[in-house]
Amino acid sequence: MKTKTKQPEAGMLPLNEILAGDCIEVMNSLPEASVDLIFADPPYNLQLKGDLHRPDNSKVDAVDDAWDRFASFDSYDRFSADWLAAARRLLKPNGAIWVIGSYHNIFRVGAALQNTGYWILNDVVWRKSNPMPNFRGKRLTNAHETLIWASKSEGAKYTFNYEALKQLNEGIQMRSDWVLPICTGHERLKDEAGDKAHPTQKPESLLHRVIVATTNPGDVVLDPFFGTGTTGAVAKKLGRDFIGIEREEAYRKVAEARLADVRKYDRESLAVTQSKRSEPRVPFGQLVERGMLRPGEVLTSPGGKVAKVRADGTLVADQVAGSIHQVGAALEHAPSCNGWTYWHFKRDGKSVPIDLLRQQIRAEMRAN
């Protein structure tokens, strides 16, 4: 992989490339409304004063690079507003952004997001299972960082693979507090001298969750603070295209070598569990038309309620007629009812939910 230093031609999207330069200038050179997701790990503006030492007086390898230093909060706020505006221009109408930060900057960035027109969907607490201790012992150990997930504007559509996240969490709805380890061991990239290649390298597990949750295969993911390429590496594995922007040559070199070794997972492995709401709609009447259920056939509920199928795909029971949902709700004196799981039919002496027939039709539709 080669770094691109000159700006792409008008209308061209430099997919799966690392672009060298200032992120604001580079983003402003890219086509408008061309990106599905932005993951941003901007400078935290840590405001470190002097060296930090452990109890044994050894020096802590803290973030003291020039790219993390700003003259004032005002200058940091201007920087945040400028890069967020450039990023928003790039997002498709149904695109979204994730920004990660610490207590030093995330509240200022959150305000800048709202001022720029984004609509905050969630904040997520990344609770580090192995945080770095507080060596001075004068404050609480910083054991978490905060991510903000926002859509391009209020009311905008966005991708959220809810069922896939449930499966990642053993079938339980994913919460907004994520317990994941920091980047250590074999995942921690080193430079030629054997030192950490980047002081704030993010773990691939974090990006895996973000990308699976809020993109689909083939989507374009942009990272304006690419660093050593975690976003690009995970995006490539998961079958997404990426665009990285990084001004520091040393980081670009490490990212290039890293990405050269990454391989995309096979197509079958990239499929994730979809929400039933995203499945094709199948009217109950289609089951009757196709002879999967016959007019006059009796359906039963788990509680023993009975209804008959009519030729037009409605049901009748106890002088109540209507859709499978309406009749079920009326019999249960409930405001609503999922008729697909409520009603059952008999096959080979067994009671089977009518949803099984709907799934057969959906499987045929997917195959075609």
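Predicted model only: the values in this text are computed from it and were never measured.

Asks: Hey, could you go over helix α5 (residues 204-214) for me, with residue numbers and the actual values?
Replies: With nine of 11 residues buried, α5 is to be regarded as a mostly interior element. Turning to α5, its buried residues number three or more, namely E204, L206, L207, R209, V210, I211, V212, A213 and T214.

Asks: Residue-level account of the environment of R347, with values.
Replies: Positionally, R347 belongs in strand β14 (residues 344-347). Judged by its relative accessible area of 30%, R347 is partly exposed. Excluding residues within four positions of it along the chain, R347 makes contact with M292, L293, R294 and E297.

Asks: Can you lay out the packing of helix α2 (residues 73-90) against helix α3 (residues 106-116) for me, pointing to particular residues and giving the numbers?
Replies: Two numbers describe a pair of packed helices, the interaxial angle and the distance between the axes. Contact geometry for α2 and α3: axes closest at 9 Å, N-to-C directions at 45°. With respect to each other, α2 and α3 are oriented oblique. The chirality of how α2 crosses α3 is right-handed. Taking contact as the criterion, the partners of F73, Y76, D77, S80, L84, A85 and R88 in α2 are, on α3, R108, V109, A112, L113 and T116. Of the residues in the contact of α2 with α3, the class split is seven nonpolar, two polar and three charged.

Asks: Run through the confidence of the model for the chain, naming residues and quoting values.
Replies: A residue-level look at the chain finds 89% of positions with pLDDT of 70 or above and a mean pLDDT of 88. Contacts of residues 48-56 to residues separated by more than four positions or lying in other chains number 17 contacts, the stretch itself having pLDDT below 50. Confidence drops under pLDDT 50 across residues 58-63; counting only partners more than four residues distant or on other chains, this segment forms 18 contacts.

Asks: Can you explain the environment of T184? Please cite residues and give values.
Replies: Along the chain, T184 turns up in the loop between β7 (177-180) and α5. For T184, a relative accessible area of 41% puts it in the partly exposed group. Each C-alpha atom, one on T184 and one on K202, is 9.6 Å from the other, the two residues being 18 residues apart in sequence.

Rules behind the numbers
Residues numbered from 1 in each chain as written. Predicted model: local features only at pLDDT ≥ 70, side-chain atom pairs only at ≥ 80, totals over all residues. Heavy atoms only, no water. Buried < 20%, exposed > 50% of the residue type's maximum accessible area, 1.4 Å probe, protein only. Helix = DSSP H or I, 4+ residues; strand = E, 2+ residues; numbered from the N terminus. Contact = heavy atoms within 4.5 Å. Axes fitted to C-alpha atoms, helices over the stretch in contact; angles between N-to-C directions. Parallel < 35°, antiparallel > 145°, perpendicular 65-115°, else oblique. Left-handed = near helix turned anticlockwise from the far one by under 90°. Nonpolar A, V, L, I, M, F, W, Y, C, P; charged D, E, K, R; others polar. pLDDT = per-residue confidence, 0-100.

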